[in-house]
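Commentary on secondary and tertiary structure
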Amino acid sequence: MADQRKFLLDEKDLPTHWYNIQADLPAPLPPIIHPGTGQPIGPQDLAPLFPMELIKQEVSRERWIEIPEPVREVYRMWRPTPLVRAVGLERVLKTPARIYYKWEGVSPPGSHKPNTAVAQAYYNKQEGVRRLATETGAGQWGSALAFACGLFDLECKVYMVRVSYEQKPYRRVMMETWGASVVPSPSRDTNAGRAVLAKDPESPGSLGIAISEAVEDAATRDDTKYSLGSVLSHVLMHQTVIGLEAKKQLELAGERADVLVGCIGGGSNFSGFAFPFVGDKLTGKAPGLRVIAVEPTAAPSLTRGLYVYDFGDTAQTTPLMKMYTLGHGFIPAPIHAGGLRYHGMAPLVCALYDGKVIEAVAVPQNPTFEAAVTFARAEGHLPAPESAHAIRVVIDEALRCRDSGERKTIVFNLSGHGHFDLGAYERYLAGRLEDYEYPAEKVRAALEGLPKIAV
Ligand SMILES: *Cc1c(COP(=O)(O)O)cnc(C)c1O
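Because the structure is a prediction, the values reported are computed rather than measured.

Taken as a whole and assessed by the stated rule, the structure comprises 16 aromatic pairs. An angle of 55 degrees between the planes, with centres 6.1 Å apart, marks the rings of Phe7 and Tyr100 as tilted. Of this pair, Phe7 sits in strand β1 (residues 6-7) while Tyr100 is found in strand β5 (residues 98-103), placing the two residues 93 residues apart along the sequence. Of the two residues, Phe7 and Tyr100, neither departs from the other in class, the shared state being buried. With a centroid separation of 5.9 Å and 25 degrees between ring planes, the pair formed by Phe369 and Tyr428 is classed as stacked. You can see Phe369 sitting in helix α16 (residues 365-379) and its partner Tyr428 sitting in helix α18 (residues 422-429), a full 59 residues away along the chain. Every member of this aromatic cluster is reached through a ring pair, and the members are Tyr75, Trp78, Phe147 and Trp178. Sitting above the plane of the Tyr438 ring, Arg304 keeps its charged end 4.0 Å from the centroid. Note that Lys322 overlies the ring of Tyr307, its terminal NZ or CZ placed 4.5 Å from the centroid.

Next comes the structure, spelled out in structure tokens:
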């Protein structure tokens, strides 16, 4: 019989609980610190921005947290997602390795992001919030939240980094179709935006500025809260439906993973995919499992950053988190994987990297697109440029297996499709894509601006 390609679950196999890896960490995460007092923050400090249930989840050490039925009902629009054996890719690589991918591009917005957007919209609605404010860089997070807010009848305001607003108009149209209102950031709607525009009316914007605008919007309106698409522990936990499904599907395939791979921007898709397996590793049930996080050389926070306390945004409005950071003042080069252009990294991912539980690799833009095109020709789907970072490392591992003759099982998360990124594909195919190496000088300058915290 020919090799089976797709491993599918029934709707009844949809996970009933999210997995909280904080229950299995060898030591608790370092606390989140208030920049004014230098002391750990409490729930009340976060209450203007987030609903209480999400604040509780952020610091919870319970292993399993029940997924509310209304959230599962929405998940069933596209979940469980397929696990696919990349038979075509194995063939072109002539590798004895077996390669599988978990395919998150089947969601309506086209990535893993609605796994948390739907949960966040639900809890906000439950607590009487009427409106959510957020930022978006490449447009994927804004799309996911616009979709989720539409389903739970919440207003949604998206501050979209001006360059993306101009370069990716169809992401904006998608958000507006789901009912969100979208403004280019810096905007005239906030003090933070107006201050930037006063200095530079032509400012292209940045994720840092857009976060400041969305946080100000939420903090200054009673009916509005703020929503973040990655980095925070509750966001990563909502994404664990990916890995919980993948584990069941690998059982169906009769496989045991040797290597897991995911790309990292703020860390959410990698964590959602890998944490249920990492939990087994932490509790001694999966010795020898390798787990690899892949970042761009243009924003190499794990491989080149420092593990210190830093702000989550450029404008220094967020609490301080201990993370591998390139410095909050560091603005990554304009690579096409907009979702990976972030100076910091999720504290949970950082703690696991620091503890040598997971590995990290950085890859440049051109080899990443080369991998994307190889994958598209072998497997059909056009991956998001972000996801293609994972594919680059999967291909490299599979080629090593070809040389060594090892029959490893390699599993990766294909976090989204690249249908809104064809401008980037066009540049790559025309040979006009730049590579950005590690910007040592700029990182050194940004790290000099780190807050001084004695923890
Ligand atoms: C946003 C995004 C990423 C990066 O964000 P993480 O929080 O690290 O997952 C990766 N892939 C896709 C498709 C995205 O939309």
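If a probe the size of a water molecule is rolled over the atoms, the empty space left behind becomes visible. Of the volumes computed, that of the largest pocket is approximately 870 Å³. Taken together, 38 residues line the largest pocket, and the ones lying closest to its centre are Val163, Ser164, Gln167, Ile335 and Arg341. Those elements giving two or more residues to the lining of the largest pocket turn out to be α7 (162-167), α8 (169-177), α10 (207-219) and α18. Residue contributions to the lining of the largest pocket peak at 4 residues, all from α10. Considered class by class, the residues forming the lining of the largest pocket number 19 nonpolar, 14 polar and 5 charged. The residues that make up the lining of the largest pocket include at least three from each of domain 1 (6-13 + 78-110 + 240-447) and domain 2 (19-40 + 50-66 + 113-233).

In this section: the nonpolar core. By size, the foremost hydrophobic cluster in this structure holds 61 residues, and its most contacted members are Tyr226, Leu260, Phe275, Val278, Leu302 and Val349. Looking at this core, the elements with two or more residues in it are β7 (155-161), α10, α11 (233-238), α12 (241-252), α13 (268-282), β11 (290-296), β13 (320-325) and α15 (347-354). Per-domain counts for this core show at least three residues from each of domain 1 (6-13 + 78-110 + 240-447) and domain 2 (19-40 + 50-66 + 113-233). Setting aside anything within four residues of it in sequence, one finds Val349 in contact with Leu236, Gly267, Phe270, Ser271, Phe275, Leu302 and Ile358. Counting 34 residues, the second largest nonpolar core, distinct from the first, contains Leu14, Leu54, Ile65 and Met237.

On to the pattern of salt bridges, then. Applying the stated criterion across every chain yields a total of 33 salt bridges. Salt-bridge contacts for Asp280 lead to Lys247; the nearest nitrogen and oxygen are separated by 2.9 Å. Placement of the pair is Asp280 in helix α13 and Lys247 in helix α12, with a sequence separation of 33 residues. With a relative accessible area of 18%, Asp280 lands in the buried category. Where Asp403 meets Arg402, a salt bridge forms, and the shortest distance between an N and an O atom there is 4.0 Å. A cluster of three or more residues bridged by salt bridges with shared partners is formed by Arg130, Arg131, Glu155, Asp217, Arg221 and Asp223.

All right, on to the site of the ligand then. By nearness alone, 19 residues border the ligand, and Lys113, Ser230, Gly265, Ser268 and Asn269 come closest of all. Ser230 is positioned such that a nitrogen or oxygen atom in its side chain is 2.5 Å from an oxygen atom of the ligand. At 2.7 Å from an oxygen atom of the ligand is found a side-chain nitrogen or oxygen belonging to Ser268. Protein chains bury 98% of the 380 Å² of accessible surface belonging to the ligand in isolation. Where the shell around the ligand is concerned, the elements lending two or more residues are α13 and α17 (385-404). Formed jointly, the shell around the ligand draws a minimum of three residues from each of two domains, domain 1 (6-13 + 78-110 + 240-447) and domain 2 (19-40 + 50-66 + 113-233).

With 15 residues, α16 extends 21 Å from end C-alpha to end C-alpha; this agrees with the ideal 21 Å at 1.5 Å per step. Those residues of α16 lying buried are Gln365, Thr368, Phe369, Ala371, Ala372, Val373, Phe375, Ala376, Ala378 and Glu379. Looking one or two residues beyond α16, the residue adopting positive phi is Gly380, at roughly 95 degrees.

Calculation rules
Residues numbered from 1 in each chain as written. Predicted model: local features only at pLDDT ≥ 70, side-chain atom pairs only at ≥ 80, totals over all residues. Heavy atoms only, no water. Phe/Tyr/Trp six-rings, centres within 6.5 Å; stacked < 30°, edge-to-face > 60°. Helix = DSSP H or I, 4+ residues; strand = E, 2+ residues; numbered from the N terminus. Buried < 20%, exposed > 50% of the residue type's maximum accessible area, 1.4 Å probe, protein only. Lys NZ or Arg CZ within 6 Å of the ring centre and 35° of its normal. 1 Å grid on protein atoms, 1.4 Å probe; cavity = no way out; pocket = protein on both sides within 12 Å on 5 of 7 lines; lining within 4 Å. Points joined across faces, edges and corners; volume = space filled by probe spheres on them. Nonpolar A, V, L, I, M, F, W, Y, C, P; charged D, E, K, R; others polar. Domains from an automatic or database assignment. Core = buried A, V, L, I, M, F, W, Y, C linked by side-chain atoms within 4.5 Å. Contact = heavy atoms within 4.5 Å. Salt bridge = Lys/Arg side-chain N within 4 Å of Asp/Glu carboxyl O. Near = heavy atom within 4 Å. Polar contact = N/O pair within 3.5 Å; in protein donor to acceptor, adjacent residues only side chain to side chain. Areas by Shrake-Rupley, 256 points an atom, 1.4 Å probe, with all protein chains shown as cover. Expected span 1.5 Å × (residues − 1).

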